[in-house]
Structure formats: structure tokens, C-alpha cells
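# Notes for the structure review
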Amino acid sequence: MHAWPAPSLPNLPGQGLPLRLYDTAAAGVRPTSPGSTARMYVCGITPYDATHLGHAATYVAFDLVARAWLDAGHEVHYVQNVTDVDDPLLERAERDGVDWRELAEREIALFREDMAALAVLPPRELVGAVEAIPGIVEAVTALRDKGATYDVDRDTYFAVHSDPRFGSVGHLDEAEMLRLFGERGGDPDRPGKKHPLDCLLWQAPRAGEPSWESTIGPGRPGWHIECTAIALEHLGNGIDVQGGGSDLTFPHHEMSASEAHVLTGEAPFARHYVHAGMVALDGEKMSKSRGNLVFVSALRRAGRDPNAIRLALLAHHYRSDWEWADDDLAAGEQRLVRWRDAVSRPAGPSADAVLDGVRRHLADDLDAPGALQVVDRWAEETLARGGDQADAPGLVTRTVDALLGIRL
């Protein structure tokens, strides 16, 4: 499937700094070390509802990763999936009395519009689970050939402990894994499984649900193998970043990593596992199941500037959990007005420190709040005292566009 249009990025003098990111598996901030092409896989949406601010915060965070790498002279090969067949999508379609494919297409289209409005750089490949089924079948077949699978009532499961490194992403004890597995789509109590944490690879047909013919029998893919197969096909093993929200650490990224380890015989699947924090509303994490959502599309329809929405998100460090409030957007709008006012002046103080400061903060584990403060100080000085550098407003405008995705 196609992604969304890519915004043009202005050129900046010099080159960005090497990017350091927090790695969940290492429990610390480490330098990324991509080659000429940095490879990143970020888990995408299940398209049964519109893009909420939790989604937006995650994709804006990994957009900063791509922008920092580009500024440092790397090409970026970014891949994202869309889980366009899964239980939540089928359940929502049945509830609303619509065809599941129609629901998926509508929400994917809206997601593209939201990402384009927020100036998020598109992935090189946006891959749906349905179109990836041939590659998923190949991956399941390979795992079966390696003795890492078994069947329960015609459903095929991955034996997670066939990977000696299972648990190396999140470093959770088994009790916590079992709790999260049950809460996040797993089936630890299913009779017939060899271990409660073993995860579904291929689900045999169910009445009234879609299925596809394949060499492993009719059915549809499980969730974790979807991302494993897509990432390995398009990026290969040992990718630079596997990313998503912190709620994907377990089971999704743990299971996907173990499947990749067994498939390739090599580890780690990703050099960095990078996770964005959760955005809450009214004291609880924003989630479709709770219905406590603020939608990007609704804010846009209400006339709110997407640049202000993006600034509201960037004001929080990507790894922090935080709670959305109307004040966040108001602060983003006020900041946008000040910045636009400042760069509209015919001259200002030197902007070299702005470019250097934004680069330094982003290279330091995506310290976007610190980068915003650098621009704030320049804007305040410009509005208060002016300056004599005629090229300064232009350089600030290009800096925040190229590195922060804010169009002034």
C-alpha cells in the first residue's frame, strides 16, 4: 500500500551529530551506529479507529529519529506495517455493520491525512498484513522446519523458549510476562499449549472471519509474526531501531525478536529497542478500548493548526508518560505565534547557536523539550531587542522545519 506525501526538507549548513537513544534491552542510552543507510522499523496502526494523540506522539518521536539521522548524513530506510486484519478490526466492523475491508481502508486514509498534516516523514514501505501474507507463510514454514512450532486445534504456535534469548528485550520475570500477555491480546490459559507464553503464528479459519489459502493451510496471520516477516523482508536482520509505544515492549517486540532470532540464527534482531511513553487523558492511558481519545483529525477539523499540535507533543520528552490537557495545545499555539512573529522580523541575533543547540538536544536521546527552549530563547531575544543578522530568521525557519518538523 502507498504511504503519504513526503514533505520537502530544507538544507542546513554543516552536519548533525551522532544520535544517542535509550535502548530498552540495554536499559540505558547508547549511541546508534548505522552505516550509510540507517534502518528503522516502527509498528503501525490497527485501522479500526482514527489517529489519536497517543499514536501521533509515537510517530512524531520516530520522525525525529529519521530527521536526526538525515541531518547526520545517513540515508534512512524506514518501514512501517498496518495490521489490516486482526480481531479488534473485525470486532469493530461487526459492531458498526460495515465490511472490515471498508473500515480498514477508511481509517488508513485518515491516518495518512493526519501524518501528512503533522509533517511526519513517510516510511519507504508501508506494508499491510494482508499483502504480507505470502512472506508470513514463508516465515511460519521456516519456523516449522526449525522445530520451533506446534499445532493446537489446527492453529500454529511459536514455542518462545526455542529462542534462548527470549526475554532479553524487556527483562521481565515470568509472572509479569503472563500478566501482560493476558492483557495485551495473548492467550496464556488456552488448553493444549506447551507453555502459557507461546504465541499464535497462524490462526485456522473461524466462522464468519476472513482467511486465506496457503501452503500451511487456510487461515490468517498472528500479530507478532506479521512484523517479524515484514521487517526481515524489507530491512533484513540487525536493524538499527525497532520502535513503537512502550506498551509494545511485551509481548509484541519480545515475541517478534525471538521469532527473528530463530529464523535467522542471529541476534539481536534490532540494535536498539526504542519505546515512546504513553499519553493519558482523565487519568488513564489513551486507548481505543477505553474510548478516552483525542483525535488528530477532530482537532484539525476544529481549525487547530497541525504545527501547534506537533509543538504540544514535542513539549514532552518522548519517553515520558504524560497526560493531555487543553493547556498543552494552548501552549503550542502560543509558542507557534511567538516563533512566527520572531522569524517575520527583518533581522535577529545570530542563529548559529540555535542550529547547534537544536542538533545537540536532538542527538541526546531526542530531547525535544530542550530543543524547543533553544528556539524560545532566540525568539524572546528577537522580539525584545532585535538583532543585526539579516539571515538569522531564515536559518531559524529552516532549522525548525528540517529538524523539528515545524513549518513557520
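Notes on the structure in this doc start here. Computed from a prediction, not measured in an experiment: that's the story for all the values here. (Residues numbered from 1 in each chain as written. Predicted model: local features only at pLDDT ≥ 70, side-chain atom pairs only at ≥ 80, totals over all residues. Heavy atoms only, no water.)

### A short note on the overall build of the protein
- Check the secondary structure of the protein and you find 13 helices and 14 strands.
- In terms of C-alpha radius of gyration, the protein reaches 22 Å, essentially the compact-globule figure of 22 Å for 408 residues.
- Judged by the C-alpha coordinates and their principal axes, the protein covers about 75 × 45 × 35 Å.
- Partitioning the intrachain contacts of the protein with sequence separation of at least 6 by distance along the chain shows that 79% fall at a separation of at least 24.
- Carbon and sulfur atoms make up 48% of the accessible area of the protein, which amounts to about 16400 Å² in all.
- For the protein, the centre of its 40 positive side-chain charges and the centre of its 62 negative side-chain charges are spaced 3 Å apart. (Helix = DSSP H or I, 4+ residues; strand = E, 2+ residues; numbered from the N terminus. Rg over C-alpha atoms; globule rule 2.2 N^0.38 Å. Contact = heavy atoms within 4.5 Å. Areas by Shrake-Rupley, 256 points an atom, 1.4 Å probe, with all protein chains shown as cover. Lys, Arg positive; Asp, Glu negative; His and termini not counted. Charge placed at Lys NZ, Arg CZ, Asp CG, Glu CD.)

### Re the nonpolar core
- The biggest cluster of nonpolar side chains holds 83 residues, and the ones touching the most others in it are Met-40, Trp-324, Trp-339, Val-358, Trp-378 and Leu-404.
- With 12 residues, the single largest contributor to this core is helix α1 (residues 53-71).
- Sequence-distant contacts of Met-40, defined by excluding residues within four places in its chain, comprise Phe-62, Val-65, Ala-66, Trp-69, His-77, Tyr-78, Val-79, Leu-235 and Val-241.
- Among the nonpolar cores identified, the runner-up in size contains 42 residues, and Cys-43, Ala-231, Leu-235 and Phe-269 belong to it. (Core = buried A, V, L, I, M, F, W, Y, C linked by side-chain atoms within 4.5 Å. Buried < 20%, exposed > 50% of the residue type's maximum accessible area, 1.4 Å probe, protein only.)

### Considering the layout of surface pockets
- Considering only enclosed or pocket space, the second largest pocket measures out at about 200 Å³ in volume.
- Take the lining of the second largest pocket: its biggest share by element is five residues, from helix α2 (residues 87-96). (1 Å grid on protein atoms, 1.4 Å probe; cavity = no way out; pocket = protein on both sides within 12 Å on 5 of 7 lines; lining within 4 Å. Points joined across faces, edges and corners; volume = space filled by probe spheres on them.)

### A few points about the environment of Arg-101
- In this structure, Arg-101 sits in helix α3 (residues 100-117).
- Its relative accessible area of 46% is what places Arg-101 among the partly exposed residues.
- Each C-alpha atom, one on Arg-101 and one on Pro-47, is 9.8 Å from the other, the two residues being 54 residues apart in sequence.

### Observations regarding the environment of Arg-95
- Within the fold, Arg-95 resides in helix α2.
- Note on Arg-95: relative accessible area 60%, which makes it exposed.
- A distance of 2.7 Å separates polar atoms of two side chains, one belonging to Arg-95 and the other to Asp-96. (Polar contact = N/O pair within 3.5 Å; in protein donor to acceptor, adjacent residues only side chain to side chain.)

### What to know about helix α11 (residues 352-363)
- With 12 residues, α11 extends 17 Å between its outermost C-alpha atoms, agreeing within 8% with the 16 Å of an ideal straight helix rising 1.5 Å per residue.
- Three or more residues of α11 are buried, namely Val-354, Leu-355, Gly-357, Val-358, Arg-359, Leu-362 and Ala-363.
- Each element contacted by the buried residues of α11 is listed here: β1 (20-23), α1, α12 (368-385) and α13 (392-404). (Expected span 1.5 Å × (residues − 1).)

### Comments concerning the sheet that holds strand β14 (residues 322-323)
- Taking strand neighbours across the sheet as the criterion, the three strands line up as β13-β12-β14 in an open arrangement whose pairing is mixed. Two strands close off the open sheet at either side, each with one partner strand: β13 (284-285) and β14.
- Relative to β14, strand β12 (residues 279-281) runs parallel, the two sharing two bridges. Directly across from Val-279, in β14, lies its bridge partner Trp-322. (Pairing = 2+ DSSP bridges.)

### Quick look at the packing of aromatic side chains
- Across all of its chains, the model carries six aromatic pairs by this definition.
- On the numbers, 6.2 Å between centres and 80 degrees between planes, the contact of Trp-100 with Trp-212 is edge-to-face. In this pair, Trp-100 is assigned in helix α3 and Trp-212 in the loop between β8 (199-203) and β9 (220-221), connecting sequence segments 112 residues apart.
- Connected via pairs of aromatic rings, a cluster forms that spans Trp-4, Tyr-59 and Phe-111. (Phe/Tyr/Trp six-rings, centres within 6.5 Å; stacked < 30°, edge-to-face > 60°.)

### A few points about the pairing of β8
- Most of β8 is tucked away: five of the five residues are buried.
- Pairing analysis gives three bridges linking strand β7 (residues 155-158) to β8, with the strands arranged antiparallel. Bridge assignment links Tyr-157 to a residue of β8, and that residue is Leu-200.

### Notes on the side chain of His-74
- Within the element layout of this structure, His-74 appears in the loop between α1 and β4 (75-82).
- For His-74, a relative accessible area of 18% translates into the label buried.
- Only 2.8 Å separates the side chain of His-74 from the backbone oxygen of Gly-35, close enough to count as a polar contact.
- Each residue touching His-74, except ones within four places of it in the same chain, is listed here: Pro-34, Gly-35, Ser-36, Ala-38 and Trp-69.

### Regarding the packing of α12 against α13
- Orientation of α12 relative to α13, taken along the N-to-C sense of each, is 165 degrees, at an axis distance of 12 Å. With respect to each other, α12 and α13 are oriented roughly antiparallel. Crossing of α12 over α13 shows left-handed handedness. Contact residues: Ala-371, Leu-372, Val-375 and Trp-378 in α12; Ala-392, Pro-393, Val-396, Val-400 and Leu-404 in α13.
- Of the residues assigned to the contact of α12 with α13, the class counts are nine nonpolar, no polar and no charged. (Axes fitted to C-alpha atoms, helices over the stretch in contact; angles between N-to-C directions. Parallel < 35°, antiparallel > 145°, perpendicular 65-115°, else oblique. Left-handed = near helix turned anticlockwise from the far one by under 90°. Nonpolar A, V, L, I, M, F, W, Y, C, P; charged D, E, K, R; others polar.)

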